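Overview (structure and organization)
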Amino acid sequence: MTTGAHPTREPELGPEGEQPLPSLAEQMADQLGGWRGLVESSIPVVVFVIANVVGELRPAVIASVGVAVLIAVLRLAQRRPVRHAVNGLFGIAIGAAIAWRTGDERDFYVPGILYGIGYGLALLLSAAVRQPLVGWIWSVLVAKGRSDWRDNPRLVRTFTQLTVLWGVVWLAKVGVQAALYLNHKDTALGVARLALGYPPYALLLLITVWAVRRVTRETAPQPLPGA
């Protein structure tokens, strides 16, 4: 019997009754922490760069760590996810400790540079041995632990190409920061840290989600005529 009210539309199920993958926008928002996550993760670095330009190293270190701690505490108090805040706090704290100990503001960026080199090399190595790291990360973060892509040659090839792309971009942006570090371009290094942080990451995520979803749609079994 129809009552005139529109029935609630249930989400379409995928193969074997499984929920479909999150939308591209949902996956991007989750990995980047939304606009709030983007802003909050950048604030401590912005504070350090500005405070170091207008003042001394130690006040800049104290200010950046203090802001990072405040952001983490606020997210806890609001019962919001703290993953991005904690990651940011950890990175800021290590860099600040090194810069404080050496007295050189450039050293604030050393952990990020070393991390980027290691991550870029790990990506390229995983692609070389046909165990593309981007594919395994996709399995953990998006596919709920499933690794069905290993049985699909097109997806294996796609994830390998994407892993190479991630590795090359990561090493390129770290190379820029390393060159500025070695040439004592302290302010430019801080600006580069911001400019080469989330923008390339967001673009790589967008390309990855688009490419994987396209191949998944093209290789999905087609329903039989009349089914």
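In what follows, the structure referred to is the one given above.
Summarised in this report is the structure supplied together with it.

The rules we used
Residues numbered from 1 in each chain as written. Predicted model: local features only at pLDDT ≥ 70, side-chain atom pairs only at ≥ 80, totals over all residues. Heavy atoms only, no water. Core = buried A, V, L, I, M, F, W, Y, C linked by side-chain atoms within 4.5 Å. Buried < 20%, exposed > 50% of the residue type's maximum accessible area, 1.4 Å probe, protein only. Helix = DSSP H or I, 4+ residues; strand = E, 2+ residues; numbered from the N terminus. Contact = heavy atoms within 4.5 Å. Salt bridge = Lys/Arg side-chain N within 4 Å of Asp/Glu carboxyl O. Phe/Tyr/Trp six-rings, centres within 6.5 Å; stacked < 30°, edge-to-face > 60°. Lys NZ or Arg CZ within 6 Å of the ring centre and 35° of its normal.

With respect to unusual backbone geometry
The backbone of Arg-130 shows a phi angle near 60 degrees, a positive value even though the residue is not glycine. One non-glycine residue, His-184, adopts positive backbone phi at about 60 degrees.

Considerations on the nonpolar core
Phe-48, Phe-108, Trp-138, Phe-159, Trp-166 and Trp-170 are the most contacted members of the largest nonpolar core, which totals 38 residues. Of all the secondary-structure elements, those providing two or more residues to this core are helix H2 (34-54), helix H3 (57-77), helix H4 (83-102), helix H5 (110-128), helix H6 (133-141), helix H7 (153-182) and helix H9 (198-219). With eight residues, the single largest contributor to this core is H7. In contact with Phe-159, not counting residues within four places along its chain, are Pro-132, Val-134, Gly-135, Trp-138, Trp-149 and Val-212.

Details of the pattern of salt bridges
Close approach of charged atoms lets side chains of opposite charge pair. Scanning the entire structure with this criterion turns up one salt bridge. In this structure, Asp-104 engages Arg-106 in a salt bridge whose closest nitrogen and oxygen atoms are separated by 3.1 Å.

Comments concerning the packing of aromatic side chains
Inspection of the entire model under this criterion finds 11 aromatic pairs. When the ring of Trp-138 is compared with that of Phe-159, the centres are 6.0 Å apart and the planes differ by 55 degrees; the resulting orientation is tilted. Here Phe-159 lies in helix H7 and Trp-138 lies in helix H6, a separation of 21 residues in the sequence. For the residue pair Trp-138 and Phe-159, the accessibility class agrees, reading buried in each case. Members of the aromatic cluster, joined through ring pairs, are Tyr-115, Tyr-119, Trp-166, Trp-170 and Tyr-201. Between the NZ or CZ atom of Arg-106 and the centre of the ring of Tyr-181, over which it lies, the distance is 4.2 Å.

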